[in-house]
Each structure stands twice: as structure tokens, then as C-alpha cells.
Amino acid sequence: MGDDSSDSGLGAVQDAVAAAARDAGRPVDSVALMAVSKTHGPDRIAPVLEAGHRLFGENRVQEAAGKWPPLRDAWPDIRLHLIGPLQTNKVRDALALFDAIQTVDRPKLAERLARDMDALGRHPDCFIQVNTGKEPQKAGIAPEDADAFIADCRTRLTLPVVGLMCIPPVDESPAPHFALLAKIAARHGLTELSMGMSADFREAIRFGATIVRVGTAIFGIRPPPNDR
Ligand SMILES: *Cc1c(COP(=O)(O)O)cnc(C)c1O
């Protein structure tokens, strides 16, 4: 960061992701950097697109629906993931807009996704969100329920589950949470691990993250209008 020109913190974060992958003995291209653009308008997002970046994350369906369609027209190869909680009444909008839903976290949502995917003929990749810290206020399936839920999503509902996602508690070391997520994924043969944010993506890469979700380190501090 600190550069007011085109690509904000993007270049520095790309370099840090590559360095962390090399340090972990992993191929640099085994870790995808997602730019988390929530709260930022097209004026902030366009320079990151112009710099060649294509993978973005948003946490609210309505906000994303308002700002991404015109950007998609201009850059058709954008890939957009939903990384925030999904209400069942927003499932159709989400399926129309996103290339992946990273927050599949409860049976009712999984059932609705399965039904509406078939109805719309849209099958975005699904990630199961695991509440590794068992925080009551946080979304995600409890770790002890994860095995059964993952199996049900894949076998009965035939959702296209590609991996797992977690958001560790802010006040704990993230390492045990990353390790737990990797362990659950491994026993299901799931290859995608979405974990690590601005503060801890290096550590997440050490524990096998295949997608790191970075907002602040790319775009700067978000405006604080509400509970993000
Ligand atoms: C906002 C957000 C991020 C990015 O957080 P930063 O600390 O700004 O990098 C990552 N994941 C989720 C689920 C988010 O909501």
C-alpha cells in the first residue's frame, strides 16, 4: 500500500502471497488471491481489474448485484465469490450472480441451493463454511456436524462442493483453526481451502490455503458504516 496509483496494495499482496507459497514449499500458482471488494465502489475496483486481477469476493448479495453487472460487461472473465451469509430468499439472486458460494452452512440453505440450481440451470462451486471456533454469533456448521453435513450436501443433494471455508475467531491464534479445516477437508478428499485474510494469509498458506481472501491489504481500510 502507500501507492496512490493504479493498483493500490495489489502488487505487494501478490508478492507476499507468492513468497509465502515458496516458503511453504508450495507452487506459487497453488494459491489464488481473492480481492475482497465489499464496501468499495467501481472507482476503487476498476484499477484492480485494469492491473489484470480477476478473482473477487463480496459478502452481500444486494451490494454485489448493484455494482458487478456493469463491471462484468467490461471484463467478462471476472470470477466473483460470495463470502458472506446467504439468506434463503436471496438464493436465486446469488446463483445468478456468483461463480462460487463459499458460505453453505446449514441444511435449509443447502436444500434451497440444490432446488434452485436445478431450476435455474446454474451450478456455481460450493464451499462448506465451518465455524471452527464454535462462535455463537458466527455463521458456519459446527465442526462436529461438518462430516455429516458435507456428506449430505454431496451425496443426497449433489451440490458441487469443491472445498471448505472458515473465519477464525479474531482473538485467537488462527493456526489451529486452519489446521482443523485442512483436516476435515482431507478426510473428504476436498481440495479447495478458503482461509486467511489480510492479517493472517501467510499463515493460512502454510496450512494449505488454496484461496486467501484479502480486502484491507489491497483496498485499504473500509469505511465503517455498519457491522462489517
Ligand atoms: C471482509 C472479509 C475478508 C477480508 O478481510 P480483510 O481483513 O479486510 O482482508 C475476508 N473474508 C471474509 C469472509 C470477509 O467478510
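Structure: above.
Here is a short report on the structure shown in this document. (Residues numbered from 1 in each chain as written. Predicted model: local features only at pLDDT ≥ 70, side-chain atom pairs only at ≥ 80, totals over all residues. Heavy atoms only, no water.)

To continue, consider the packing of aromatic side chains. One pair of aromatic rings is described through two measures. These are the centre distance and the angle between the planes. For the coordinates displayed, the defined rule picks out two aromatic pairs. The interplanar angle of 50 degrees and the centroid separation of 4.9 Å between the aromatic rings of F56 and W68 together place this pair among those described as tilted. Pair noted here: F56 is in strand β2 (residues 55-58) and W68 is in helix α3 (residues 61-74), with a separation of twelve residues, a long-range link. Considered together, F56 and W68 belong to a single accessibility category, that of buried residues. (Phe/Tyr/Trp six-rings, centres within 6.5 Å; stacked < 30°, edge-to-face > 60°. Helix = DSSP H or I, 4+ residues; strand = E, 2+ residues; numbered from the N terminus. Buried < 20%, exposed > 50% of the residue type's maximum accessible area, 1.4 Å probe, protein only.)

Within the element layout of this structure, G140 appears in the loop between β5 (125-129) and α6 (143-155). For the pair G140 and V104, spaced 36 residues apart in the sequence, the C-alpha separation amounts to 7.6 Å. Those residues in contact with G140 that sit more than four places away from it in its chain are D105, Q129, V130 and N131. (Contact = heavy atoms within 4.5 Å.)

Turning our attention to the packing of α6 against helix α7 (residues 175-187). Between α6 and α7, whose axes approach to 11 Å, the crossing angle comes to 25 degrees. Taken together, α6 and α7 sit at an angle that is classed as roughly parallel. Between α6 and α7 the crossing geometry is right-handed. On α7, the residues touching P143, A146, D147 and I150 of α6 are L180, I184 and R187. Across the contact of α6 with α7, the residue classes break down as five nonpolar, no polar and two charged. (Axes fitted to C-alpha atoms, helices over the stretch in contact; angles between N-to-C directions. Parallel < 35°, antiparallel > 145°, perpendicular 65-115°, else oblique. Left-handed = near helix turned anticlockwise from the far one by under 90°. Nonpolar A, V, L, I, M, F, W, Y, C, P; charged D, E, K, R; others polar.)

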